Amino acid sequence: MSAAQLLHDERSESKGWFRRAVEVMPGGVNSPVRAFKAVGGTPPFVASATGPYLTTVDGDDLIDLIASWGALILGHAHPAVVTAVEEAARRGTSFGLPTSQEVELAELIVSLVPSIEVVRMVNSGTEATASAVRVARAATAKSGIVKFAGCYHGHADPFLVRAGSGVATLGEPDSPGVPAATVADTRLARFNDLESVERAFAGGDIAAVIVEPVAGNMGVVPPASGFLNGLRELCDRWGAILIFDEVMTGFRVARGGAQERYGVTPDLTCLGKVVAGGTPAAAYGGSEDLMRRVAPDGPVYQAGTLAGNPLAVAAGLACLRHLVEHPELYDELEALGARLESRVSAALEEHGVAGCVQRVGAMFTVFFGPDLVRSWDEAATVDRDRFARFFHAAYRRGVLLAPSPFESLFLMEAHTAVIDEVAETLAAAVGEAR
Ligand SMILES: *Cc1c(COP(=O)(O)O)cnc(C)c1O
């Protein structure tokens with residue numbers, strides 16, 4: 001049976017699991033976009049995955065472009081990562097005391113990410129951004145933060161304003177349960193629009209600007225020339241902290257992240273996803289001056305029972321060491337991305353389908369409708385129905401896309417062998433989605 005039939009066959013094992021899941025979990029999932037509400041149908045349940053392939057409980061093999069929402073850059077079950085985690089598990093899964101591997105990982109992060117001198121491990125990107133903002137507010141004795149419509153910084157209260165993909169997909173601009181007072185300090189600006197940032201600063205009391213230096217949670221939106229530099233200048237002029245949320249872009253758009261790729265140095269950086277090699281961990285870091293304010297060096301409290309967990313640290317170390325040993329990987333990913341981009345762009349043209357492919361390195365989005373997307377208001381104009389048809393057409397041909405038009409798709413080292421198949425599949429899916 002083909003993948004498509006299985007997605008829609010009531011007898012499939014995935015459907016059976018999903019029916020059980022919705023009884024006991026909100027939407028049947030542990031993170032909203034996984035419920036496939038934006039594309040229709042129900043999610044395939046994963047049995048296992050290796051390299052570029054994901055195998056469902058129905059026995060289907062799909063080439064995976066979700067890549068754990070960007071957490072994977074090598075491939076599924078990469079041998080170096082699996083071995084490291086196995087060995088770590090045998091030594092014990094959690095201690096609540098320091099380990100030598102944590103030091104090695106911290107040293108590696110400091111050596112790779114230009115702006116980070118001191119780093120703290122946490123468990124999720126959500127914690128990293130919430131903690132970074134706390135440090136910024138403590139350092140400046142101000143409360144306001146500037147965030148960009150369409151940028152996602154995890155689900156902590158202060159960020160749940162125009163928060164991009166997951167929230168946008170559900171059509172909820174905000175979340176109930178977030179007190180108005182909590183988001184009153186959050187000023188919205190428009191991505192790639194420095195004047196909107198100046199207006200936010202003019203209101204006064206801004207502690208920090210937080211930005212995805214390449215937006216990935218409204219689909220991929222690259223920073224316009226001068227935008228990141230402009231943010232740096234505005235923050236310096238107003239005495240505010242510049243926070244790069246590189247949870248998605250870190251070790252992804254360049255080994256040293258967007259700050260290396262674009263040559264702009266933030267004060268604080270949030271990392272997640274790739275930093276933990278596909279396990280649950282994240283980090284935030286920055287200058288000595290700022291990070292020494294964190295407890296117990298300073299008074300800014302932030303802690304974690306499982307922070308620096310040995311399994312996650314082992315996976316992160318194995319992944320980052322692979323990236324260090326294979327510096328050529330970034331050129332290769334760039335080439336894979338370029339190949340895909342040109343094939344899919346050509347398909348849009350051939351089939352007379354309005355839209356564009358936006359890509360930075362190994363992250364890309366096919367936008368149906370607009371021919372250029374620079375900010376959330378432009379991203380929001382996409383043709384959602386056409387995207388849903390595109391998604392299902394690709395799925396039927398064995399390629400799994402993120403089930404929302406406002407997501408980035410990710411290339412991994414393991415896609416090298418299948419890149420032409422992916423390109424042809426997406427090109428055909430564009431034709432079918434017309
Ligand atoms: C994924 C993501 C987060 C949230 O990370 P979680 O680990 O899901 O909490 C924050 N910021 C950006 C830019 C992300 O892509």
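Keep in mind that what you see is a predicted model, and the values were worked out from it rather than measured.

1. Considerations on the site of the ligand
Close to the ligand lie Ser124, Gly125, Thr126, Tyr152, His153, Gly154, Glu212, Asn217, Asp245, Val247, Met248 and Lys273, which account for all nearby residues. Take Tyr152: an N or O atom from its main chain is 3.2 Å from a nitrogen atom of the ligand. Relative to its free-state accessible area of 380 Å², the ligand is covered by the protein chains to the extent of 81%.

2. Some words on the domain arrangement of the protein chain
Per the domain assignment, the segments of the protein chain are domain 1 (3–64 + 328–433) and domain 2 (79–325). Placing the centre of domain 1 and that of domain 2 at their C-alpha centroids yields a distance of 26 Å. Listed by partner, the interface residues are 32 residues for domain 1 and 31 residues for domain 2. Roughly 2,400 Å² of surface becomes buried between domain 1 and domain 2 when both sides are summed, with 63% attributable to carbon and sulfur atoms. Seen at the junction of domain 1 and domain 2, the total is 2 salt bridges. Across the pair Glu334 and Arg261 runs a salt bridge whose closest N-O atoms are separated by 3.2 Å. Contributing elements (two or more residues each) for the side of domain 1 that touches domain 2: helix H14 (329–350), strand E11 (355–360), strand E12 (363–368) and helix H15 (376–379). Class assignment for the residues of the side of domain 1 that touches domain 2 results in 16 nonpolar, 6 polar and 10 charged.

3. A look at the confidence of the model for the protein chain
Scored by pLDDT, the protein chain comes out at a mean of 95, with 95% of its residues at no less than 70. Counting contacts from residues 169–173, a segment whose pLDDT is below 50, to residues more than four positions away or on other chains yields 11 contacts.

4. Some details on the side chain of Arg252
When you line up the elements, Arg252 lands in the loop between strand E8 (241–245) and helix H11 (257–262). Of the buried charged residues, Arg252 lacks a salt bridge, with Asp64 as the closest side chain of opposite charge at 9.8 Å. Setting aside residues up to four positions removed in sequence, Arg252 forms contacts with Gly70, Leu72, Ile73, Val274, Tyr330, Ala362, Met363, Phe410 and Leu411.

5. Some points on the sheet that holds E11
Reading across the sheet, the 3 strands line up as E11-E12-E14 and stay open at both edges, with antiparallel pairing between neighbours. The sheet is open, and its two edges are formed by E11 and strand E14 (409–410), each paired on a single side. Bridge analysis of E12 against E14 gives 2 bridges, and the strand direction is antiparallel. Across the sheet, Phe364 pairs through a bridge with Leu409, a residue of E14.

6. Focus on the packing of aromatic side chains
What the rule picks out here adds up to 10 aromatic pairs. Measuring from centroid to centroid gives 5.0 Å for Phe368 and Phe390, while their planes differ by 70 degrees, and the two rings are edge-to-face. Taken together, the residues span a long stretch of sequence, with Phe368 in strand E12 and Phe390 in helix H16 (residues 384–396) at a distance of 22 residues. An identical accessibility class is assigned to Phe368 and Phe390; each is buried. Here the aromatic residues Phe36, Phe391 and Tyr395 are joined through ring pairs into a cluster of three or more.

7. Regarding the pattern of salt bridges
The full count for this structure, using the stated rule, is 17 salt bridges. Ionic pairing is found between Glu104 and Arg321, a salt bridge with its closest N-O pair at 3.6 Å. With Glu104 in helix H5 (residues 100–112) and Arg321 in helix H13 (residues 310–325), this pair connects stretches of sequence that are 217 residues apart. Note on Glu104: relative accessible area 35%, which makes it partly exposed. Salt bridges linked by common partners bring Arg261, Glu334, Glu341 and Arg359 together as one network.

8. Let's talk about the pairing of strand E5 (residues 144–148)
When you tally the buried positions in E5, you get 5 out of 5 residues, the bulk of the element. Residues Gly144, Val146 and Phe148 line one face of E5 and the alternating positions Ile145 and Lys147 line the opposite face, and both faces are buried.

9. Re the environment of Ser287
Within the element layout of this structure, Ser287 appears in the loop between strand E10 (282–286) and helix H12 (288–291). On a C-alpha basis, the gap between Ser287 and Thr186 in space is 24 Å, while along the polypeptide they are 101 residues apart. Beyond its immediate sequence surroundings of up to four residues, Ser287 is in contact with Ser115, Glu117 and Asp267.

10. With respect to the side chain of Asp267
Considering the arrangement of structural elements, one finds Asp267 in the loop between H11 and strand E9 (268–271). For Asp267, the side chain forms a polar contact with the side chain of Arg232, separated by 2.9 Å. A polar contact of 2.7 Å, which involves the side chain of Asp267, links it to the backbone nitrogen of Leu242. Residue contacts for Asp267: discarding those within four places in its chain leaves Arg232, Ala240, Ile241, Leu242, Gly285, Gly286, Ser287 and Leu290.

11. What about helix H6 (residues 125–140)?
For H6, with 16 residues, the first-to-last C-alpha span of 23 Å sits near the 22 Å given by 1.5 Å per residue. Those residues of H6 lying buried are Gly125, Thr126, Ala128, Thr129, Ser131, Ala132, Val133, Val135, Ala136 and Thr140.

12. Some details on unusual backbone geometry
Glycine aside, a negative phi is what most residues show, and trans is what most peptide bonds show. With an omega of 10 degrees, the peptide bond between Ala295 and Pro296 qualifies as cis. Among the secondary structure elements, Pro296 is positioned in the loop between H12 and H13. If you check the backbone angles, Asn192 has positive phi at about 70 degrees while not being a glycine. Residue position: Asn192 is located in the loop between strand E6 (186–189) and helix H9 (194–202). Located in the positive-phi region is Asp205, a residue other than glycine, with phi close to 65 degrees. For Asp205, the location among the structural elements is in the loop between H9 and strand E7 (206–211).

13. Points about the nonpolar core
Counting residues in hydrophobic clusters, the biggest one holds 72 residues, and the most contacted among them are Ile109, Phe251, Leu323, Phe390 and Leu426. When residues of this core are assigned to their parent elements, the largest contribution, 9 residues, is made by H13. In terms of domain composition, this core takes at least three residues from each of domain 1 (3–64 + 328–433) and domain 2 (79–325). Filtering out sequence-adjacent residues up to four positions away, Leu323 remains in contact with Ile73, Leu74, Phe251, Arg255, Val274, Leu329 and Tyr330. The next biggest cluster of nonpolar side chains, apart from the first, holds 31 residues, and it includes Val197, Met218, Val221 and Val382.

Basis of the calculations
- Residues numbered from 1 in each chain as written.
- Predicted model: local features only at pLDDT ≥ 70, side-chain atom pairs only at ≥ 80, totals over all residues.
- Heavy atoms only, no water.
- Near = heavy atom within 4 Å.
- Polar contact = N/O pair within 3.5 Å; in protein donor to acceptor, adjacent residues only side chain to side chain.
- Areas by Shrake-Rupley, 256 points an atom, 1.4 Å probe, with all protein chains shown as cover.
- Domains from an automatic or database assignment.
- Contact = heavy atoms within 4.5 Å.
- Buried area = accessible area lost by both parts, 1.4 Å probe.
- Salt bridge = Lys/Arg side-chain N within 4 Å of Asp/Glu carboxyl O.
- Helix = DSSP H or I, 4+ residues; strand = E, 2+ residues; numbered from the N terminus.
- Nonpolar A, V, L, I, M, F, W, Y, C, P; charged D, E, K, R; others polar.
- pLDDT = per-residue confidence, 0-100.
- Buried < 20%, exposed > 50% of the residue type's maximum accessible area, 1.4 Å probe, protein only.
- Lys, Arg positive; Asp, Glu negative; His and termini not counted.
- Pairing = 2+ DSSP bridges.
- Phe/Tyr/Trp six-rings, centres within 6.5 Å; stacked < 30°, edge-to-face > 60°.
- Expected span 1.5 Å × (residues − 1).
- Core = buried A, V, L, I, M, F, W, Y, C linked by side-chain atoms within 4.5 Å.

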